Amino acid sequence: MTQTTLLQYEAPWPVHALDWCKSTAPGHQSRPRSAFRLGIASFSEDYRNRIAIVGLQDERVLVEDDYTDYPDFVTLVEANHGYPATNLQWQPASASGFPWTGKAPAAELLATTGDALRVWEYFGDAPPASSAYVGRQPTGGGHRLTLKTALSGQSKVQSQSTGPPLTSFSWNEKAPSLVVTSSIDTTCTVWNIDTSTAITQLIAHDREVYDVAWLPGSTDIFVSVGADGSLRAFDLRSLEHSTILYETPAPKSGPPAGSASSRLPTSPLLRIAFNPADSNYMSTFHMDGQDVQILDMRSPGQPVIELRGHRAQVNAMGWSTTDRPTLATAGDDCQVLLWDLATYTQTATSPRTANSRLNSPRPDVKKRVVSDPIMAYSASSEVTNLAWSPQIPGMTMNTGHSTAPGEWLAIASGKSIKALKV
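What you see as residue numbers is a count from 1 along each chain, following the sequence as written. Where local features are concerned, this predicted model is filtered to residues with pLDDT of at least 70; where side-chain atom pairs are given and counted, the filter is 80 or more; whole-chain, interface and lining totals use all residues. Heavy atoms from the whole structure form the basis of all side-chain values; hydrogens and water molecules are not counted.

A. Molecular detail of the sheet that holds strand β26 (residues 375-378). If DSSP finds at least two bridges between two strands, the strands pair. The helix count covers DSSP runs of H or I at least four residues long, the strand count covers runs of E at least two residues long, and both are numbered beginning at the N terminus. Across the sheet, which stays open at both edges, the four strands sit in the order β22-β23-β24-β26 with antiparallel pairing between neighbours. Only two strands of the sheet have a single partner each, and these edge strands are β22 (314-319) and β26. For this sheet, the mean angle separating the axes of adjacent strands, direction not counted, is 15°. Note that β22 and strand β23 (residues 326-331) share five bridges and pair antiparallel. The partner of Gly318 across the bridge, within β23, is Ala328. The angle between two axes is taken between their N-to-C directions and runs from 0 to 180 degrees, where each axis is a line fitted to C-alpha atoms and a helix contributes only its stretch in contact.

B. Representation of the packing of aromatic side chains in the model. Any two of the Phe, Tyr and Trp rings considered here, Trp counted by its six-membered ring, make a pair once their centres fall within 6.5 Å; the pair's planes then place it as stacked at under 30 degrees, edge-to-face at over 60, or tilted in between. For the structure on display, the rule yields eight aromatic pairs. For the pair Phe36 and Trp408, a centre-to-centre distance of 5.4 Å together with 80° between the ring planes defines the contact as edge-to-face. You can see Phe36 sitting in the loop between β2 (15-20) and β3 (37-42) and its partner Trp408 sitting in strand β28 (residues 408-413), a full 372 residues away along the chain. Accessibility classification places Phe36 together with Trp408 in one group, the buried group. Whether a residue is buried, partly exposed or exposed follows from its accessible area with a 1.4 Å probe, protein chains only, as a fraction of its type maximum: under 20%, in between, or over 50%, in that order.

C. The arrangement of the nonpolar core in detail. For the purposes of this section, nonpolar cores are sets of buried Ala, Val, Leu, Ile, Met, Phe, Trp, Tyr and Cys residues that join through side-chain atoms within 4.5 Å. The biggest cluster of nonpolar side chains holds 42 residues, and the ones touching the most others in it are Leu7, Trp20, Phe36, Ile40, Phe73 and Leu145. The residues touching Phe73, leaving out its near neighbours within four places in the chain, are Leu7, Gln8, Tyr9, Phe36, Leu38, Val54, Gly55, Leu56 and Ala419. Formed by 17 residues, the second largest nonpolar core is a distinct cluster that contains Phe285, Val314, Leu327 and Val370. Only heavy atoms matter for contacts: two residues are in contact if any of them lie within 4.5 Å across the pair.

D. Highlighting the pairing of strand β4 (residues 49-56). Burial within β4 is extensive, with seven of its eight residues counted as buried. The turn linking β3 back onto β4 is made up of six residues. With eight bridges connecting them, β4 and strand β5 (residues 73-82) associate as antiparallel partners. Each residue of the ladder has a partner; that of Ile53, found in β5, is Val77.

Written out as structure tokens, the structure reads:
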């Protein structure tokens, strides 16, 4: 019996935001289908955007050849979102054990950013009375996706009543009530989504902030990137100053003639992501850039690794959740590249303690250029986003077939989503 290595879904609209569920549904831990759920969001330049949760129509598509005529994923539930969602995430795996004050035990949370930070409650179908019958078709009647809260803060730097657009957010794994958002108004805001209150808002950059990420394992430190071309770290315990970990090199030509500003133009940084296996390492890339930079928090100032494999601009990246540092990147060249960075990150490390997180630049670390990914996948069109699954354990189904353990990588390309077994 062959194991499926590719699952597909055709959305009714172009897909932008995308995330794989971090844990199985309450009451569904033993069912393979529960680990294969995606949250997706549309992108259209109007107020008619949608978000949806898609899942396997029948888990036999994972192992049985004669199910090739079935659609792999089906829409379980969808909801209106208004403006496009700039980011969508499922609750962290730690959220199921968190003492929420206002959440139903059977509900799972999702969050989106756009004109506000929205927290959604998702109720999947309850465990079937006769779970031995695998072929039970999802009726859709048991799935509900409802808006729980919409948070948009008063801006420190703008006077209008509604909050300025949010570009991204990061959900804290250690304390899942904490979410930090980034905005085009130069600020980052830390929210407590359990009490629906803003804990703090700070002016983070000189220009728009495009992405933000909590330091893994920390409830105090987060980093952000933005249009000013800098990567900065903030510590909620000492907000009077930030640490600039990296600034993009200024163009050699100098400022354009006649420009009012003497400040050199820099290339905006669009995304930031920590390696979950070793949080000293982060990846970022530039607007319109074809390369991906890997930075080491212990030697800020310049990248320790640069990944060169794409032939057009990079659009998305993501680290796998395994102990081996694997980064997926995707771009307008229709390519998805997988990079194994284990050998490079070990040689670039230095014996520093975790307490000396933020240090001055060290000139002794030489940048390694890596141009040989371990895997490449060609999509039919530009790849706009990607999302890793957690490690999914192997499971035995009621038919006697069993699935192999492993990770999956979901990629969005136009209206198509493909999930690749890695």
